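Topology and contacts: notes
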Amino acid sequence: MSSASVAAENTTIAVRGRDSLWSKAFYKFRHDRMGMVAFALVMAYGVMALGTVFGWWANDWSEIRGGRFDPISADFWFGSNVNGQDIFARTVFSTRTAFEVGLVVAILSTLIGAVLGAVAGYYSGSWIDELVLWLKGVLDSIPFYLFVAAVAFAMQGSAYGMHVAMVATFWTTTGRLVRGEVIKLKQFEFVEAARAIGLPELKIVFRHIIPNTFHILLVQATIVFVAAIKSEVILSFLGLGVKNGVSWGRMLAEATYEVGAGHFNNFIWASLFMFGLVMAFNMFSDALQDALDPRKV
Amino acid sequence: MTAPVGKKPVLTVKELVIEFQTERGVVRAVDGVSFELYAGQTLGIVGESGCGKTVTCLALLGLVPTPPGRIVSGSIELNGRNIVGLGDREMRNIRGRDISMIFQEPMTALNPVFTVGNQLCEVIRRHTDATRRQAHAQAVEMLAVVGIPAPAKRMGDYPHQLSGGMRQRVMIAMALSCNPSVLVADEPTTALDVTTQAQVIEQMVLLQEQFDMAVILITHDLGVVAETCEDVMVMYCGQVIEQAPASGLFTRPSHPYTAGLLASIPRIRRERLQELPVIRGMVPDLLSLPMGCRFSTRCEYADQRCQAQIPSLRTATGTDAAVACFKPLGEA
Amino acid sequence: MEILQFALRKIIGGIPLILGVTFISFLLMVYYGPDKTYELLGKNPTAEQIESVRAELGYDQPFLQRYVTYLREIVTLDFGNSFSSGERVNSILKRTMPISLAVITPGFILGNLLGLVLALVAAYHRSGWIDKAIMGFSVVGMSISFLIVVIAFQLIFCSSYGLNWFPSRGWDVYSLSDYLRFVTVPTMATIFVALGYNTRFYRAVIVEEMGRDHVRTARAFGTPPAQLLYRSVLKNSLIPIITRIMFSIPLVVISGSLIIETYFGIPGVGKVTYDAITQGDQPILKAVVGLTAVLFVLTLLITDILYRVVDPRVSLK
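Analysis parameters
- Residues numbered from 1 in each chain as written.
- Chains lettered and ligands numbered in written order.
- Predicted model: local features only at pLDDT ≥ 70, side-chain atom pairs only at ≥ 80, totals over all residues.
- Heavy atoms only, no water.
- Helix = DSSP H or I, 4+ residues; strand = E, 2+ residues; numbered from the N terminus.
- Rg over C-alpha atoms; globule rule 2.2 N^0.38 Å.
- Buried < 20%, exposed > 50% of the residue type's maximum accessible area, 1.4 Å probe, protein only.
- Contact = heavy atoms within 4.5 Å.
- Lys, Arg positive; Asp, Glu negative; His and termini not counted.
- Charge placed at Lys NZ, Arg CZ, Asp CG, Glu CD.
- Domains from an automatic or database assignment.
- Buried area = accessible area lost by both parts, 1.4 Å probe.
- Salt bridge = Lys/Arg side-chain N within 4 Å of Asp/Glu carboxyl O.
- Polar contact = N/O pair within 3.5 Å; in protein donor to acceptor, adjacent residues only side chain to side chain.
- Nonpolar A, V, L, I, M, F, W, Y, C, P; charged D, E, K, R; others polar.
- Axes fitted to C-alpha atoms, helices over the stretch in contact; angles between N-to-C directions.
- Left-handed = near helix turned anticlockwise from the far one by under 90°.
- Pairing = 2+ DSSP bridges.
- Right-handed = clockwise from strand over helix to strand, strands pointing away.
- Phe/Tyr/Trp six-rings, centres within 6.5 Å; stacked < 30°, edge-to-face > 60°.
- Lys NZ or Arg CZ within 6 Å of the ring centre and 35° of its normal.
- Core = buried A, V, L, I, M, F, W, Y, C linked by side-chain atoms within 4.5 Å.

1. Focus on the overall build of chain B
Check the secondary structure of chain B and you find twelve helices and twelve strands. Against the 2.2 N^0.38 benchmark of 20 Å for 332 residues, chain B shows a C-alpha radius of gyration of 21 Å, consistent with a compact globule. For chain B, the C-alpha atoms occupy an extent of roughly 65 × 50 × 45 Å along the three principal directions. Scored against the burial criterion, the 332 residues of chain B give a buried share of 53%. Across chain B, contacts joining residues at least 24 apart in sequence account for 64% of those joining residues at least 6 apart. Across chain B, the centroid of the 31 positively charged side chains sits 3 Å from that of the 33 negatively charged ones.

2. A look at the domain arrangement of chain B
Residues and elements named next belong to chain B. Along its sequence, chain B is carved into domain 1 (11-229) and domain 2 (239-323). Look at where the C-alpha atoms of domain 1 and domain 2 centre, and you get two points 28 Å apart. Facing 17 residues of domain 1, the contacting portion of domain 2 comprises 15 residues. In total, about 1,300 Å² of surface goes out of reach between domain 1 and domain 2, with carbon and sulfur atoms giving 61% of it. In terms of surface lost to domain 2, no three residues of domain 1 exceed Asp31, Glu48 and Leu222, which account for 40% of the buried area on that side. The closest approach of N and O atoms between Asp31 and Arg294, which form a salt bridge, is 2.9 Å. At the junction of domain 1 with domain 2, the criterion picks out three residue pairs in polar contact (both at pLDDT 80 or more). Of all elements in the fold, only strand E2 (25-37) and helix H9 (222-228) reach the threshold of two or more residues within the side of domain 1 that touches domain 2.

3. Observations regarding the interface of chain A and chain C
With 42 residues of chain A at the interface, the matching set in chain C holds 48 residues. Between chain A and chain C the total buried area reaches about 3,800 Å² when both faces are included, carbon and sulfur atoms providing 77% of it. The tally of links from chain A across to chain C stands at one salt bridge. For the salt bridge of Arg200 of chain C with Asp286 of chain A, the shortest nitrogen-to-oxygen distance reads 2.6 Å. Inspection of the region where chain A meets chain C yields seven residue pairs in polar contact (both at pLDDT 80 or more). Secondary structure elements with two or more residues in the side of chain A that touches chain C: helix H4 (127-141), helix H5 (144-154), helix H9 (214-237), helix H10 (248-258) and helix H11 (265-292) of chain A. Of the residues in the side of chain A that touches chain C, the class split is 30 nonpolar, eight polar and four charged.

4. Focus on the packing of helix H5 (residues 89-124) of chain C against helix H8 (residues 176-210) of chain C
Residue and element names in this part refer to chain C. Relative orientation of the contacting elements H5 and H8 amounts to 35°, with a least axis distance of 5 Å. Crossing handedness for the pair H5 and H8: right-handed. Grouping the amino acids of the contact of H5 with H8 by side-chain chemistry returns 21 nonpolar, eight polar and one charged.

5. Quick word on the sheet that holds strand E7 (residues 182-186) of chain B
Residues and elements named next belong to chain B. The mixed open sheet is built from eight strands, whose spatial order is E6-E7-E8-E3-E9-E10-E12-E11. Edge positions in the open sheet fall to strand E6 (99-102) and strand E11 (314-315), since each of these has one partner strand only. Pairing between strand E3 (residues 42-46) and strand E8 (residues 214-218): four bridges, direction parallel. Residue pairing across strands places Ile45 opposite Ile218, the latter belonging to E8. Seen against the sheet, helix H7 (residues 164-176) touches E6 and E7 and runs at an angle of roughly 175° to E6.

6. A short note on the sheet that holds strand E5 (residues 81-82) of chain B
Residue and element names in this part refer to chain B. Spatially, the four strands line up as an open sheet ordered E2-E1-E4-E5, and their pairing is antiparallel. The open sheet has two free edges, formed respectively by E2 and E5, since each of these has just one partner strand. For strand E4 (residues 69-78) and E5, the ladder comprises two bridges, and the chain directions are antiparallel. Bridge pairing in E5 places Leu78 opposite Arg81.

7. What to know about the environment of Gly96 of chain B
Mapped onto the fold, Gly96 of chain B is located in the loop between helix H2 (88-94) and E6. Here Gly96 of chain B falls in the buried class, since its relative accessible area comes to 0%. Linking Gly96 of chain B and Ala175 of chain B, residues 79 residues apart in sequence, is a C-alpha distance of 6.3 Å. Non-local contacts of Gly96 of chain B, meaning those with residues more than four positions away in its chain, are made with His127 and Cys178 of chain B together with Ala220 and Phe221 of chain C.

8. Comments concerning unusual backbone geometry
Residue and element names in this part refer to chain B. Phi is positive for Glu15, close to 45°, though the residue is something other than glycine. Tracing the backbone shows Glu15 in strand E1 (residues 11-22). Of note, Ala150 is a non-glycine position whose phi angle comes to about 50°, a positive value. Residue position: Ala150 is located in the loop between helix H5 (132-145) and helix H6 (151-154).

9. Quick look at the environment of Gln203 of chain B
All names here are of chain B. Counting through the fold element by element, Gln203 comes out in helix H8 (residues 194-211). Taking relative accessible area as the criterion, Gln203 reaches 16% and is therefore assigned buried. Separated by 34 residues in sequence, Gln203 and Arg169 place their C-alpha atoms 8.7 Å apart. Here Gln203 is in contact with Val145, Val146, Gly147 and Arg169, once residues within four sequence places are set aside. For Gln203, the side chain forms a polar contact with the side chain of Arg169, separated by 2.9 Å.

10. Comments concerning the pairing of E8 of chain B
All names here are of chain B. Counting buried residues along E8, five of its five residues qualify, which places the element largely inside the surrounding structure. Here E8 shows no split at all, with Ala214, Ile216 and Ile218 on one side and Val215 and Leu217 on the other all buried. On the question of chirality, the crossover connecting E7 to the parallel E8 by way of H8 is right-handed.

11. Examining the packing of aromatic side chains
One pass over the full model with this rule turns up 28 aromatic pairs over all chains. Considering the side-chain rings of Phe26 of chain C and Phe63 of chain C, the 5.5 Å spacing of their centres and the 55° angle between planes classify their relative orientation as tilted. Here Phe26 of chain C, found in helix H2 (residues 15-31), pairs with Phe63 of chain C, found in helix H4 (residues 63-76); they are 37 residues apart in sequence, far enough to count as distant. Residues Phe26 of chain C and Phe63 of chain C agree in their burial class; the two are buried. Ring pairing ties together the aromatic residues Phe29, Phe39, Phe99, Phe225, Phe281 and Phe284 of chain A, which thus form one cluster. Note that Arg231 of chain C overlies the ring of Phe114 of chain B, its terminal NZ or CZ placed 4.0 Å from the centroid.

12. Some thoughts on the nonpolar core
Residue and element names in this part refer to chain A. Counting 134 residues, the largest nonpolar core has Met166, Trp248, Leu252 and Phe267 as the members making the most contacts within it. Looking at this core element by element, the count peaks at 16 residues for H11. In this view, Trp248 contacts Tyr45, Thr91, Ser94, Thr95, Ala98, Glu232, Ala270, Phe273, Met274 and Leu277; residues no more than four positions away in its chain are not counted.

In structure tokens:
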């Protein structure tokens, strides 16, 4: 057999192994009742968020329609806030903000983590690896909220300071996991074979190695998604969060001034909706890990 | 089996059935296994991986992971006492004192954060009323018995400071430290290199005589079985398919599967290099076993009856062997 | 002697990390940060006044020189005066650090200890209903935002809408009973938030260790459960446990107390940092970032030494 066909053969083996991993995972996930319920709930939140994008509901979140702290009524399902804005509309619209923050941060940090982790792992021991590890160590050592504040300062109040800071710090865990996996994958025959037939190294990394870490990336992305939504709340409380718009974090930050005076609507509804999404996402993420990681306990 | 006259067996296993709950259904890993074992005797259990040999032995120590595993029926009598269904506390008193086990991987079988001496003394003090000093003395003695040079010095070593062969000797010392009546050795030499293998096996044979223990040796190495065992039990898909004195089994196997296993041993002295015969086909999935004889899907002699009925263990004509086959070799 | 050599090597090895941390934060926070010149000046300042303030703040110097000044500040542990209060940063830190430690320590210790105990219980009853209940609670705990917990706990324990047992804000501590009055609710909130994550992490570590060969060996020699958990499982899982605890120290001290102290009005480092963030008080931020980086390197060092203590296979080479 020529080395090229060996490589081809081994690649198909690797690919086939991957296919069976995914089809097994899909089967397992389908039979995970909690996971499916959680997934359905996440989807429901997704529809809620999409509805605001298409203008079906909750686009009057910033309109001042009522009085100060109106109670729950047919007009204001969740009451109104200090400015007379509809808390129901604000709660629903915040779902969209949560998905925006979560998706942007999850996707970008996963991409960066995958690329840097794979490159570091592929060239493990070289200066490239050292550099990535150093960068990871540095970013992990800066207190997160200070880092966000610093980025917010540096970006002169841009609405995306928070996103940038989260992406810059959240990729490190993904990067570490991918690096470890790549160091393992590197020893497999299909990589050796790809190298033997002279494929360019970057092509090996991107075409053959990174696809074999997708199961890690998917799970990590869900974890980062949750982390981003939760961090947004704290950052909004610190005045570093979502700038133009409404979010559960901003509602909770407002609520910190209101609960003492007995106005609970902002607090209760933002908490409940946020808890629902985060809980569903956590369970969905767990089910994914169960399905995808044979070693997970 | 070769039952010594007038002696009582130390271990009697009767109709043992063990099932495992898996995601795809219930698997019967051990299906009606029976055997007896006498002091000073060595029983070899051979078979491919997944045939139930390790699970059988774990059951002897009450170590079948429950759940998912479960002993469904059958009895295990150790020194005349049925240990199936014993409580945790009673079982713990038996383990290491009446029955001990040596495992396959000496590299990982010892606790890495305690010294060898500490681990040995621990076992001795748990099962005897030895004082710290007595336990220490006995531990040193045990290390000497299993052939470890400078045993007093080795007591303070951590497992990672010893070679694989040394670690397995430590395991043996630990297993013998309370003078058990039965020693179970699960592929004790598989992970060692060839010369060390021979030394460890030789040591085990010596010690067995010295301590007059009954030994169960699980292995896939038929050469080791031929050297050490009086009796051999061949397992296939959870069932015993042949049980015979080693001498007879190697010269005149009765079950076609046993014959297949023997034929697949490479023989260096064979005049011409020829391709090794292999047993065709694959071990069936324990979840979808054939209706009749479990070997029927791979057996070249199988007929309709073999495919429909499960043969029970019976004495093959003209031998000391018990065989579960309708058409044992040499009888047809 | 071996330890000293090792420590020296580690500290030298930690220099790139400190340089990285300080450089990035300096670049972002100080160089691109807000210009404080006009805040420190009266109305209609003259050109000379502007000049002198800029010189005082160091704005007139080139970038590299300002960074080197910052490094010198870290080495000498002297960060100058706060922009907003004019107080020496060192004396601010000296005053607030003990308060932060007093606030955060009980919750940190109890959160890890309880998490470990719950994890051991869950892992021992693996797949049983006890395990499922504990893991269910920890997912719920992980899904509730810190801010929500803090607000809710304050409502429940410190307000007239709830039990009203504890003061809602402040830190008037002169005796042990004062301390307990002020520290209880923040501690409960810290434990509640950390418990879910800790339990899950420790359970995963313990379950993995329980599957190891040497644990099976111990069982095969009749080791009773308590000893099995202690000698075989816990002793062997100490490396990941130590790693987690040690590495959360620098971040918990800063980030954890930030929210607690701000919300409960406790004058600790977290509150000072929060105020510094909102007011752009650079000397304080520089001090906090620099000290955290140093703390990280020291943590790395101590962690490595601890590894050596708990695992004979680790050498200090």
